[in-house]
Structures are given as structure tokens and as C-alpha cells.
Amino acid sequence: MKGLMIKDFLTLKKSIATMLLMNAFFLAFAYAGGDPSYAVSMTAIMFSMLTLTSMSYDQMTKWDRYALSMPVSRKEVVISKYLLAILLSTASVLLSFTASFLLILPKSDMSAQELMLVAYSVFIISLVYISIVLPSIYKFGVERTRIISIGVLALPMVFILLLSKSGVQMPGEEQLLFALKCSPLPVLLIVGCSFFTSLRIYNNAEF
């Protein structure tokens, strides 16, 4: 398991460096606009997509065929991808939150509590995103999943925009806070169902 994780991080070394440079730009843009939530959101989205990059490299090099010839179970391979995705999401949210808290929050109208809520919300969204994307990759491959991943990000935004334009009353702050407080268990269930779906697909795959 440790070896699989090290392999993924070494594979993504250049991609992570590129993402850090891109997110430095997002941070500068957020600083200029005085909007710390922008930096947190964009960083989490960009880093969540690195899992697709990792699995794209695996498919191009036929890594799974090689990995399964070693004393590594299919379950361990799937677990390593979920751990990679969760670690990347966690690190990106913590990094962007810290940078936004130190550099942007002092000049914005947002409170520290509000920034924490934004960071937590973005983390939850990234976990749900991972839970949809990973089974899709195992089922349809990386290239088709890129289209699915765009839809996963875009459709909720379009849906919310349409609701707001149609005059439907949007949830208030109290309702949103209640939903966030209740979110850990549903999100754990979503991630768990996603993992077992991915494992079932991967167990039936031929390489």
C-alpha cells in the first residue's frame, strides 16, 4: 500500500508543482479582489482533478497489469486511489485556507468563521466529486470521465443559478449550517458506496 502511494506521488510530482504555480495565481487574483473563498474553492477543484491525471498515466502505461503481477491485491489498488484523492483534497483545502487566512482575510469583509465554513463546504464537495469520478474512471475510462467530471462540476452550478433566477427561495444561513452539521455521515456513506462500487468494477475488469 505504501509503495502504491509513493508511486502515485512520484508520478504526480511535476503536476503538483504546476498546480501550485497555478494556485499561486488564483491566490494573487483572490488577494486583489479581497475574496478568500475564491482561492479555497479553486485550489480544491484543481487538486481534486489530479487523481484523474494519476489514473490517466496508469492507463497509458498499462500499470494495472504490472501492479497485479506483484503481491498487491485489487482491493489495495483501489484503496490507494481513494487515499490519494482524499489526501490531495485535504492538503489543498488546508493549504489554501491557511494562505487565505493569513494573506487575504485581513483585508476582506469575511470573518474567520465564514472562511472556515467555506473551506469545510469545499472539502465536502470535493469528497462527493471524488466519489462520482473514481467509479466512472473504473467503468468508462479516463477520457470519457473527463466529460463526466465537467458535468459534475457544472450541472449543480447551473441548477442553482436557474433556481435563483426562477424566484425559488434559496436556503437561508441557518438551513445551510444545519445541512453542514449533518453532512459527515451522509458523505461517509457516499464515499463508502463509491469505494465498494469501484472495487466491484475493478474486480471484474480484465487487464
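None of these values were measured; they are calculated from a predicted model. (Residues numbered from 1 in each chain as written. Predicted model: local features only at pLDDT ≥ 70, side-chain atom pairs only at ≥ 80, totals over all residues. Heavy atoms only, no water.)

**Student:** In this structure, what is going on with the pattern of salt bridges? I would like to understand it.
**Tutor:** A side chain of one charge can pair with a side chain of the opposite charge if their charged atoms are brought near each other. Enumeration over the complete set of coordinates arrives at 4 salt bridges. Taking the shortest distance from any N to any O, the salt bridge between D8 and K7 comes out at 2.8 Å. Assigned by exposure class, D8 and K7 land together as buried. With its nearest N and O atoms 2.9 Å apart, the salt bridge here joins K81 to D8. Taken together, the residues span a long stretch of sequence, with K81 in helix α6 (residues 74-104) and D8 in helix α1 (residues 2-11) at a distance of 73 residues. (Salt bridge = Lys/Arg side-chain N within 4 Å of Asp/Glu carboxyl O. Buried < 20%, exposed > 50% of the residue type's maximum accessible area, 1.4 Å probe, protein only. Helix = DSSP H or I, 4+ residues; strand = E, 2+ residues; numbered from the N terminus.)

**Student:** What exactly am I supposed to notice about α1 here?
**Tutor:** Owing to its 3.6 residues per turn, the α-helix brings residues three or four apart onto one side. The complete set of buried residues in α1 reads L4, M5, K7 and D8. Projected down its long axis, α1 shows its buried positions confined to an angular sector of 160 degrees, all on one face. Exposed side chains of α1 directed beyond 90 degrees from the buried face belong to K2 and L10. Among the structural elements, α4 (50-60), α5 (63-67) and α6 are those in contact with the buried residues of α1. (Arc of directions from axis to C-beta. Contact = heavy atoms within 4.5 Å.)

**Student:** Please explain the packing of aromatic side chains as it appears in this structure.
**Tutor:** Two aromatic rings are characterised by how far apart their centres lie and by the angle between their planes. For the structure shown, the criterion picks out 7 aromatic pairs. Aromatic side chains F195 and F196 sit 5.2 Å apart centroid to centroid with 70 degrees between the ring planes, which places their arrangement in the edge-to-face category. Through pairs of rings, three or more aromatic residues link up here, namely F25, F26 and F29. Here the guanidinium or amino end of R74 rests over the ring plane of Y202, the centre of that ring lying 5.7 Å away. (Phe/Tyr/Trp six-rings, centres within 6.5 Å; stacked < 30°, edge-to-face > 60°. Lys NZ or Arg CZ within 6 Å of the ring centre and 35° of its normal.)

**Student:** Please explain a nonpolar patch on the surface as it appears in this structure.
**Tutor:** The grouping of M1, F9, L83 and L87 at the surface amounts to a nonpolar patch, some 310 Å² of accessible area in total. Relative to the assigned elements, L83 resides in helix α6. Of the residues examined, L83 reaches a relative accessible area of 37% and is grouped as partly exposed. (Patch = residues over 30% accessible without salt bridge, like charges linked within 9 Å, V, L, I, M, F, W, Y side chains within 5 Å. Areas by Shrake-Rupley, 256 points an atom, 1.4 Å probe, with all protein chains shown as cover.)

Take it as geometry only, folks, not as evidence of what the structure does.
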